[in-house]
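# Understanding the architecture of this molecule
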Amino acid sequence: MLPATETAALAPYGWSERVQTLWNDIDVGALPTRARPGRVVRIERGVREVADASGTVGPASGNTAVAVGDWVCLTGTRVLCALPRWSALARMGPADSGSTAGVQVLAANVDVVVVTAPADRLHVSRVEREVAVAWESGGRPLVVLTKADLDNGSGLASLRSRLAGTEVIATSVRGSEGSGLAELRHVLAAGVTGALLGPSGAGKSTLVNALLGDDVLRTGATRAGDGRGRHTTTSRRLLCIPGGGALIDMPGLRSLAMAGARHLDSAFADIDELARGCRFSDCRHGTEPGCAVRAAIAAGTLDAGRLAGFTKLGRELAAERRRSDPLAAREARRRYSRRSRDARRNDKRRPW
Ligand SMILES: Nc1nc2c(ncn2[C@@H]2O[C@H](COP(=O)(O)OP(=O)(O)OP(=O)(O)O)[C@@H](O)[C@H]2O)c(=O)[nH]1
Ligand SMILES: [Mg+2]
Ligand SMILES: [Zn+2]
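These remarks concern the structure in this document. All values reported here derive from a predicted model rather than from experimental measurement.

What follows is about the overall build of the chain. Scanning the chain from N- to C-terminus turns up 11 helices and 13 strands. In the chain, buried positions account for 38% of the 352 residues. Summarising the internal contacts of the chain: among those between residues at least 6 apart in sequence, 62% fall at separations of at least 24.

In structure tokens, the structure reads:
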């Protein structure tokens, strides 16, 4: 049993009954007597920092692969093992990393994935994709329209109509006390771990600072010409919100290829629901007769952009699956060669 003082000291980092249970489940008999729990709170260029009951230790050694947010078992500054994850925010390794099917875990044990989208440079399809990645993690998404003071009035409405079923809030740190921060605080209550996703310059680190009530993280002005961020944040870091949960800040991502795709239906639950009314069970909601999804668009109850987003993501995921799954790739090649063979045959039949 861990002393209560130790678990109390870990509470700000998100120690909960769930973690306690995971800790109890590890075979303590097989561990050195001085083994203690900790949480990975920072990774910068491979250097890992772990928080334990008496502060932060690091650089941590050990061969266990860990991500920020992982709960680990420590002796001294050595990571012996990681506790099983209940969620993992992951992406396919960036194309330039040389790994073809490598999955990169960005953050572990995240309950709420905070998908940020700046009002002054809003790309709804990017948000849609990040929401799908969030569902895929095992956590749940919360969409935050940041810099709401720069919204021309339509940003929040367009996000809400395209992201039916996902909670969307708007925040701003401008003004005397900002706006939307109380709602965010409410979601990121004690015991909850959040992680910030979104492009560089979205205002992720600024949000963390606002929640901490202190400028702990460096923030950077966006470029004058196109409003893009300058990739100010370079490490992944878990910070404790006073009186609340833990929040993981990350560098803005350029590319976010999804690792796996089981949860596209959760991100588009409304389309999934409507599709049950389509005449054909494999309806692609294109030109098929009796399509309930297109009927909903015609009736004005479903946003056409939402179907476009769903179709685009579906195509992307199929491509991703072919890249990472040799069986799916072989099946796709077979289908392709069959189709081109049929096409050649048809060509021969043609008299011209
Ligand atoms: N007008 C306005 N500007 C904001 C707001 N929040 C952040 N900003 C500005 O947006 C710029 C980028 O903010 P950051 O917090 O550094 O953005 P980031 O998402 O952490 O970016 P990376 O670390 O590069 O991924 C800074 O100049 C902030 O001052 C806001 O609510 N309103
Ligand atoms: Mg940042
Ligand atoms: Zn259909």
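Let's shift gears to the pairing of strand β1 (residues 36–44). Most of β1 is tucked away: seven of the nine residues are buried. Both β1 and strand β4 (residues 71–75) contribute to a ladder of four bridges, which runs antiparallel. Note that in β4 the partner of Arg-39 across the bridge is Trp-71. Pairing between β1 and strand β2 (residues 47–52): five bridges, direction antiparallel. Bridging from a neighbouring strand, Ile-43 pairs with Arg-48 of β2. The turn joining β1 and β2, which pair antiparallel and follow one another in sequence, is formed by two residues; a positive phi near 45° is taken by Arg-45. Sheet topology note: the β1/strand β12 (residues 236–240) ladder contains two bridges and is antiparallel. Opposite Arg-42, over in β12, you have Arg-237 as the bridge partner.

With that settled, consider unusual backbone geometry. Here the amide bond leading from Gly-58 into Pro-59 is cis, since omega sits at 0°, within 30 degrees of zero. With respect to the helices and strands, Pro-59 occurs in the loop between β3 (55–57) and β4. Despite not being glycine, Lys-147 has its phi angle at roughly 55°, a positive value. Tracing the backbone shows Lys-147 in the loop between β9 (140–146) and α4 (155–162). A residue is classified by how many C-beta atoms lie within 10 Å of it, and Lys-147, with 24 of them, is buried.

As a matter of local geometry, ligand 1 sits amid 25 residues, with Gly-203, Thr-206, Thr-219, Thr-233 and Gly-252 nearest to it. Here the shell around ligand 1 takes three residues from helix α6 (residues 204–212), the largest share from any one element. A breakdown of the residues in the shell around ligand 1 according to their chemical character gives five nonpolar, 15 polar and five charged.

As a further point, take the nonpolar core. General note: in soluble globular proteins, nonpolar side chains tend to be found buried as a group. If you look at the biggest cluster of nonpolar residues, it comprises 80 residues, and the most contacted ones within it are Val-72, Ala-107, Val-115, Val-143 and Ala-195. Among the elements that make up this core, the one with the highest residue count is helix α3 (residues 124–137) (six residues). Filtering out sequence-adjacent residues up to four positions away, Val-143 remains in contact with Val-115, Ala-117, Val-127, Val-131, Leu-159, Leu-163, Thr-166, Glu-167 and Val-168.

About the thresholds
Residues numbered from 1 in each chain as written. Chains lettered and ligands numbered in written order. Predicted model: local features only at pLDDT ≥ 70, side-chain atom pairs only at ≥ 80, totals over all residues. Helix = DSSP H or I, 4+ residues; strand = E, 2+ residues; numbered from the N terminus. Buried ≥ 20, exposed ≤ 12 C-beta atoms within 10 Å, placed from the backbone. Contact = placed C-beta atoms within 7 Å. Pairing = 2+ DSSP bridges. Near = placed C-beta within 6 Å. Nonpolar A, V, L, I, M, F, W, Y, C, P; charged D, E, K, R; others polar. Core = buried A, V, L, I, M, F, W, Y, C linked by C-beta atoms within 7 Å.

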